[in-house]
Amino acid sequence: MITLRFIRELRLVGFVLLGAASLLGQIRSGLPAGSPTESIPVSDVTGPYKGERVCYVCEFEADPNVLAFFRDTSEETGKLIVELNRLYVKNKARNFKAVAMIIAGSDSKKWLENLNRTERLEIPLTFFTKGPKDVAARIYQLNPDVQNTFLVTVNRTVTDNVSDIGSGEFGKVIDAAEKMLAGR
Amino acid sequence: MKHNYRRSRPWFLLGLATCLFAGTAAFSQKPKCVFVDGECIEGFVYVPDFMMPEELKKHIEERSSDIVIVDTAATLIWEEEHIPGAVSFPYRPNIAPPVPLPRDKTLVIYCACKDHEDSSDMAKQLSLLGYQKVKVLKGGWFKWLDLGYKTVSKTDEEKK
């Protein structure tokens, strides 16, 4: 016979499972909020250090910024980079910074140059020097099955993580960045 | 003569409020100095003391026991490649004691940042914690690579 106590316990288990599922669903890739951001040298394609290896995490120092990681080059990646650039242009007066990093590696160089030319982007476009095997992918806990990861950071600490979104969902990154900028 | 407490109460309260306000104002003022090794130093501006890569190379070749090389990169990066003998001590914006680095040796700190951002900040933080012999490797990791100086992995060092 099902007792009232049993139903209550079942409800509790259900809540715990739901909580765990929602947590798992929120962060699919990348460092969680509160993590420190380590320096990672990447190959610069269009930024002030183009042709060199540079660490934009160091360059940004304590300034508010978005570190955007993209699995590979695609039309969707292009749209998201344009959105990220728009967010940067809107907030650059507030010391806000942004960088786009393509995990796929050097094969993305031409694509990034073309995107920069056609869209006249202001944010630096870069790629992982050693491609998907680059140690940066492990340091930043990037999930190989996830297309993109946006880490909203300030004072070298992640404040928000938005991952695996489509270009129609970029509002999530905007909201997280606005929240961070408002809290300064 | 009998003292009129009712008449003097407003003055007492006014005096108390003034004392409280003055006390709060005094505590809310920012300290005008920075504590360096327990001493309050006014107008403290940290200027890093650099060591040239050539000098560090000489120390390594001479197997100098007076220096400790400190790599501020993430431990995974240090495991892949670092300056021979360097210890891993990843950069943090706020270093919390206890610091596992010796105080009686010269610390030579390096990073992969263009303008020594991480190594300079770490050197500053360590100086504030009382480390007196702290140097920053001029040009950092990339200058070391450009000069073609030797690097090793964690596995290389374990084989020795």
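Preceding block: the structure.
The text that follows walks through the structure, step by step, so that each part is easy to find. (Residues numbered from 1 in each chain as written. Chains lettered and ligands numbered in written order. Predicted model: local features only at pLDDT ≥ 70, side-chain atom pairs only at ≥ 80, totals over all residues. Heavy atoms only, no water.)

Describing the overall build of chain A
A count of helices and strands for chain A gives 6 helices and 7 strands. Going from the N terminus to the C terminus, chain A shows its helices and strands as α-β-β-α-β-α-β-α-β-α-β-β-α. Sorting the 184 residues of chain A into buried and exposed places 49% on the buried side. In chain A, the proportion of contacts linking residues at least 24 apart, taken out of those at least 6 apart, comes to 72%. (Helix = DSSP H or I, 4+ residues; strand = E, 2+ residues; numbered from the N terminus. Buried < 20%, exposed > 50% of the residue type's maximum accessible area, 1.4 Å probe, protein only. Contact = heavy atoms within 4.5 Å.)

A closer look at unusual backbone geometry
Look at the link from Pro97 of chain B to Pro98 of chain B: it is a cis peptide, with omega at 5°. Inspection of the secondary structure assignment puts Pro98 of chain B in the loop between β5 (87–88) and β6 (106–110). Of note, Glu61 of chain A is a non-glycine position whose phi angle comes to about 45°, a positive value. Phi at Asn155 of chain A is positive, roughly 55°, even though this residue is not glycine. Looking at the element boundaries, Asn155 of chain A is found in the loop between β6 (148–154) and β7 (157–163). Exposure remark for Asn155 of chain A: the relative accessible area of 44% places this residue in the partly exposed category.

Some words on the packing of aromatic side chains
All names here are of chain A. Scanning the model with the defined rule gives 7 aromatic pairs over all chains in all. Ring plane angle 75° and centroid distance 6.1 Å describe the contact between Phe69 and Phe128, whose orientation is recorded as edge-to-face. Note that Phe69 is positioned in strand β3 (residues 65–70) and Phe128 in the loop between β5 (125–127) and α5 (135–139), a separation of 59 residues in sequence. In this pair, the class of Phe69 matches that of Phe128, namely buried. Note on Phe150 and Phe170: the rings are 5.7 Å apart at their centroids and 80° apart in plane angle, and the pair reads as edge-to-face. Pair noted here: Phe150 is in strand β6 and Phe170 is in the loop between β7 and α6 (171–182), with a separation of 20 residues, a long-range link. The buried category is assigned to Phe170, whose relative accessible area is 2%. (Phe/Tyr/Trp six-rings, centres within 6.5 Å; stacked < 30°, edge-to-face > 60°.)

Considering the sheet that holds strand β3 (residues 50–51) of chain B
All names here are of chain B. Read from one edge to the other, the open sheet built from 5 strands follows the order β3-β7-β6-β4-β5, with strand pairing classed as parallel. The open sheet has two edge strands, β3 and β5, and neither has a second partner. For β3 and strand β7 (residues 134–137), the ladder comprises 2 bridges, and the chain directions are parallel. Paired with Phe50 across the bridge in β7 is Val136. (Pairing = 2+ DSSP bridges.)

Regarding the layout of surface pockets
The calculated volume of the largest pocket comes to roughly 370 Å³. Around the largest pocket, the lining is made up of 15 residues, and of these Ile60, Glu61, Arg63, Pro84 and Gly85 of chain B lie nearest the centre. Only α2 (53–61) and β4 (67–71) of chain B provide two or more residues apiece to the lining of the largest pocket. Per element, the largest residue contribution to the lining of the largest pocket is 4 residues, and it comes from α2 of chain B. Residue composition of the lining of the largest pocket, by class: 6 nonpolar, 3 polar and 6 charged. If you add up the space inside the second largest pocket, you get close to 270 Å³. If you trace the second largest pocket, you find 17 residues lining it, with Pro41 and Arg53 of chain A together with Ile77, Glu80 and Trp141 of chain B closest to the centre. Elements with a contribution of two residues or more to the lining of the second largest pocket: α5 of chain A together with α3 (75–80) of chain B. For the lining of the second largest pocket, the class distribution of residues is 10 nonpolar, 1 polar and 6 charged. (1 Å grid on protein atoms, 1.4 Å probe; cavity = no way out; pocket = protein on both sides within 12 Å on 5 of 7 lines; lining within 4 Å. Points joined across faces, edges and corners; volume = space filled by probe spheres on them. Nonpolar A, V, L, I, M, F, W, Y, C, P; charged D, E, K, R; others polar.)

Read these as spatial facts, not as claims about activity.
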